[in-house]
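Commentary on secondary and tertiary structure
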Amino acid sequence: MTYSGAVKVGGPADVHELSALIISKVAVGPMENNAYLLRCRATGEQLLIDAAHGAATLLTLIGDDGIASVVTTHRHGDHWGALAEVVAATGARTYAGRYDAEGIPVATDVAVEDGDTIRVGEIALRAVHLVGHTPGSIALVYDDPFGHPHVFTGDCLFPGGPGRTGGPVEFASLMDGLETKIFGTLPDEAWIYPGHGNDSTLGAERPHLAEWRARGW
């Protein structure tokens, strides 16, 4: 089956099969959050991005192999609602951006800085610190050696624009970060996996950067 990235709460996972990595996407909770399970093909090790809600759903997705780690993209409660239950059930190591860790009521084992590498088996994910949606939001970039990059953006970037911010200063900061660290370094083919809703590509969003700046959100 061709991966589309379109998922619904209560529905099946959509699975994106790459050469070295398998990405399973599910929607959970009343805010229709996306959670992503990454599995290294070479080792079978797994990592979860955002234990947002619905621990039973996430643990079923994880399966008997468990997870080595769980990354929380930012401090907003709809992105860590099932974190305590998932960690208790799996013993996973927890990661979050250094400047958001204090706002997550589950202990962060590894406070992530801009440019840090998070590994799942033989797969390396590069953390990108983006300030504006929250002080410590992180995106994760998988630079696939067999294809184009894949970017897990949390709530910092969606199809149609950046994530919500608290005002013009925060909006400008988020746009600066996106333009410099994401659009400025990655190709149009880079696939975007957001914290809610459907996926996109940088190429589909890039023509609208000036429009987003002008409208202020």
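The structure reproduced in this document is the subject of the present report. All values derive from a computational prediction rather than experimental measurement.

1. Some points on unusual backbone geometry
Positive phi, normally seen in glycine, also occurs at Glu32, with a value near 50 degrees. Mapped onto the elements of the fold, Glu32 is located in the loop between strand 2 (21-28) and strand 3 (33-40). Phi angles above zero are rare outside glycine, and Asp50 is one such case at about 65 degrees. Among the structural elements, Asp50 can be located in the loop between strand 4 (46-49) and helix 1 (55-62).

2. Looking at the pattern of salt bridges
Under the criterion given, the structure shown has eleven salt bridges. Across the pair Arg41 and Glu17 runs a salt bridge whose closest N-O atoms are separated by 2.9 Å. Taken together, the residues Arg41 in the loop between strand 3 and strand 4 and Glu17 in strand 1 (residues 14-17) connect sequence positions 24 residues apart. A relative accessible area of 39% means that Arg41 is categorised as partly exposed. In this structure Glu17 comes out as exposed when scored by relative accessible area, which is 52%. With a shortest N-O distance of 3.7 Å, Arg75 and Glu102 are connected by a salt bridge. Within this pair, whereas Arg75 is found in the loop between strand 5 (69-72) and helix 2 (83-90), its partner Glu102 is found in the loop between strand 6 (93-97) and strand 7 (110-112), the two being separated by 27 residues in sequence. Since its relative accessible area comes to 23%, Arg75 is described here as partly exposed. By relative accessible area, which is 72% here, Glu102 ends up exposed.

Rules of the game
Along each chain, residues carry numbers from 1 onward, in the same order as the chain's sequence is written. For a predicted model such as this one, the threshold for reporting local features is a pLDDT of at least 70, and the threshold for listing and counting side-chain atom pairs is 80 or more; totals across whole chains, interfaces and linings nevertheless cover every residue. Side-chain numbers come from the whole structure's heavy atoms, not from hydrogens or water. Helix numbering and strand numbering both begin at the N terminus, where a helix is a DSSP run of H or I of at least 4 residues and a strand a DSSP run of E of at least 2. Take a side-chain nitrogen of Lys or Arg and a carboxyl oxygen of Asp or Glu: if they are within 4 Å of each other, that pair is a salt bridge. Note on classification: 1.4 Å probe, protein chains only; a residue is buried when its accessible area is under 20% of the maximum for its type, exposed when over 50%, partly exposed between these limits.

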